[in-house]
Amino acid sequence: SKVRGALIYPLIVLLVMVAVVLFMIVKVLPQVEEIYSGLDGASLPFITVALLAVSHFVINFWWLILILLGLGTFFGSRWARTLGGRSAIDGAKMHMWPIGNLYMKMYMARFARTGTTLVASGVPLLQVLDITADAVDNVHVASSLKRSAEQVKGGKALSDSLEGDPNFLELVPNMLRIGEQSGSMEVMMAKVADYYEKEVDNEIKAISTIIEPVMMIVMGIIAIIIVAAIMLPIYGLVNQSGFTGPS
């Protein structure tokens, strides 16, 4: 819920940015083209021509864009529910900047917090691994837990089965080993959960801090491009008319 809350602001900014860009492209740029169409020998700057091509496509084929968006959403959602789609999406969550560290720590916190409750309740370790595999909500982490369960069945310690696993952060097997050696597994898992829950909060704050200036830079670049596409032709008209300003 904290992750979703952190993404609300950039999502709103993105929607507003798209709305403004569409308005400028569909309503303002065609007016600039009409002004130039009545002038002999007048040529539009490249940036204006490029955006006008986009404008014509949006105006003439808006229905096609809506159809493609609808089909993309429909088939994309179906693909995301397949094993291959979930694997690709979950893998991207774990490695994509800047959310990779956030999701990795969130999965570790889910595993440790769920495991703490189950171990403290006296649930057998193999059943703990099976339940936590579903609780983490990531197919790669779940696969590692199921693989470690098979190794635990063969007599291997849980910490040893998770050590070196790319889907688990190094602290987790180290803390589990301490818990196994001291006979206080639930205590160590609770400490891991507390640690990573705090780390998740810190990551969310860091990402929120990064997103705001990045969004401002992107908005600034888009604004410069649109203003240039509109103003350059106007300056061209002024120069062609020989206007030099007040004496």
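Quick summary incoming for the structure in this document. (Residues numbered from 1 in each chain as written. Predicted model: local features only at pLDDT ≥ 70, side-chain atom pairs only at ≥ 80, totals over all residues. Heavy atoms only, no water.)

1. Observations regarding unusual backbone geometry
Negative phi is the rule for most residues except glycine; trans is the rule for most peptide bonds. To be explicit about the condition: Helical segments are the DSSP runs of H or I of at least four residues, strand segments are the runs of E of at least two, and each set is numbered from the N terminus. We call a residue buried when its accessible area falls under 20% of the maximum for its residue type, exposed when it is over 50%, and partly exposed in between, using a 1.4 Å probe and counting protein chains only.
Of note in the backbone geometry, Asp137 takes a positive phi value of approximately 60° without being a glycine. Within the fold, Asp137 resides in the loop between helix 6 (125-135) and helix 7 (139-153). Judged by its relative accessible area of 41%, Asp137 is partly exposed.

2. Regarding a nonpolar patch on the surface
The cut-off we apply is this: For patches, a residue must show more than 30% relative accessible area and have no salt bridge; joins then use 9 Å for like charges and 5 Å for nonpolar side chains, namely Val, Leu, Ile, Met, Phe, Trp and Tyr. The method behind every accessible area is Shrake-Rupley, applied with a 1.4 Å probe, and residues are considered shielded solely by the protein chains displayed. Within this document, salt bridges are pairs made up of a side-chain nitrogen of Lys or Arg and a carboxyl oxygen of Asp or Glu, the two lying within 4 Å of each other.
Taken together, the side chains of Phe57, Phe61, Trp62, Trp63, Leu66, Ile67, Leu69, Leu71, Phe74 and Phe75 present a nonpolar region at the surface, about 1,000 Å² in accessible area. At eight residues, helix 3 (residues 62-80) tops the list of elements feeding residues into the nonpolar patch. With respect to the helices, strands and loops of the structure, Phe57 is situated in helix 2 (residues 46-60).

3. A look at the side chain of Ser148
Here is the rule: Two N or O atoms form a polar contact when they lie within 3.5 Å of each other; inside protein one atom must be a possible hydrogen donor and the other a possible acceptor, and for residues adjacent in sequence the pair counts only when both atoms belong to side chains. The contact criterion used is simple: two residues touch if any of their non-hydrogen atoms lie within 4.5 Å.
Mapped onto the fold, Ser148 is located in helix 7. Overall, the relative accessible area of 0% leaves Ser148 in the buried class. There is a polar contact of 2.7 Å between the side chain of Ser148 and the backbone oxygen of Leu145. Setting aside its immediate chain neighbours within four residues, Ser148 contacts Leu129, Leu158, Ser161 and Leu162.

4. Let's talk about the pattern of salt bridges
In total, this model carries ten salt bridges according to the counting rule given. Among the salt bridges present, the one from Asp165 reaches Arg147, with a minimum N-O distance of 3.4 Å. Here Arg147 lies in helix 7 and Asp165 lies in the loop between helix 8 (158-162) and helix 9 (171-182), a separation of 18 residues in the sequence. Relative accessible area serves as the criterion here: at 40%, Arg147 is assigned to the partly exposed category. Here Lys153 ties to Glu150 by a salt bridge, and the two come within 3.6 Å at their closest N and O atoms. Placement of both Lys153 and Glu150 in helix 7 is noted, with a separation of three residues, approximately one turn of the helix. What makes Glu150 exposed here is its relative accessible area of 51%. Put simply, Arg86, Asp90 and Asp137 are held in one network by salt bridges that share partners.

5. Description of the packing of aromatic side chains
Stated precisely, the cut-off is as follows: Pairing of aromatic rings covers Phe, Tyr and Trp, the last counted by its six-membered ring, and requires centre-to-centre distances within 6.5 Å; plane angles under 30 degrees mean stacked, over 60 mean edge-to-face, and any other angle means tilted.
Tallied over the full model, the rule gives six aromatic pairs. Seen in terms of ring centroids, Phe57 and Phe61 are 5.3 Å apart; in terms of plane orientation they differ by 35°. Their pairing is tilted. The class of Phe57 is partly exposed, set by a relative accessible area of 40%. Under the relative-accessibility criterion, Phe61 is labelled partly exposed at 34%. An aromatic cluster of at least three residues, connected via ring pairs, comprises Phe57, Phe61 and Trp63.

6. Structural notes on the nonpolar core
For clarity, the cut-off: Only buried Ala, Val, Leu, Ile, Met, Phe, Trp, Tyr and Cys residues count toward a nonpolar core, and they belong to the same one when joined by side-chain atoms within 4.5 Å.
Core analysis: the largest hydrophobic core is formed by 42 residues, its most contacted members being Phe111, Phe168, Val172 and Leu176. The contact partners of Phe168, leaving out residues within four places of it in the chain, are Met104, Met108, Phe111, Val141, Ser144, Leu145 and Leu162. Ile25, Leu29, Val32 and Ala229 belong to the second-largest nonpolar core, a separate cluster that totals nine residues.

7. Some thoughts on the layout of surface pockets
Keep this limit in mind: Cavity and pocket criteria rest on a 1 Å grid covering protein atoms alone: a 1.4 Å probe that fits but cannot get out defines a cavity, protein on both sides within 12 Å along at least 5 of 7 lines defines an open pocket, and an atom within 4 Å of a point defines a lining residue. Grid points are joined across faces, edges and corners, and a volume is the space filled by probe spheres set on the points. Note on residue classes: Ala, Val, Leu, Ile, Met, Phe, Trp, Tyr, Cys and Pro are nonpolar, Asp, Glu, Lys and Arg are charged, and everything else, Gly too, is polar.
Of the volumes computed, that of the largest pocket is approximately 450 Å³. Every residue lining the largest pocket is counted, 20 residues in all, and those nearest its centre are Ser1, Val3, Tyr103, Met106 and Arg110. Among the elements of the structure, helix 1 (2-37), helix 4 (83-95), helix 5 (100-120) and helix 10 (185-241) are those that each provide at least two residues to the lining of the largest pocket. Among the elements that line the lining of the largest pocket, the one with the most residues is helix 5, at six residues. The residue makeup of the lining of the largest pocket, split by class, is nine nonpolar, one polar and ten charged. Counted as a void, the second largest pocket has a volume near 220 Å³.

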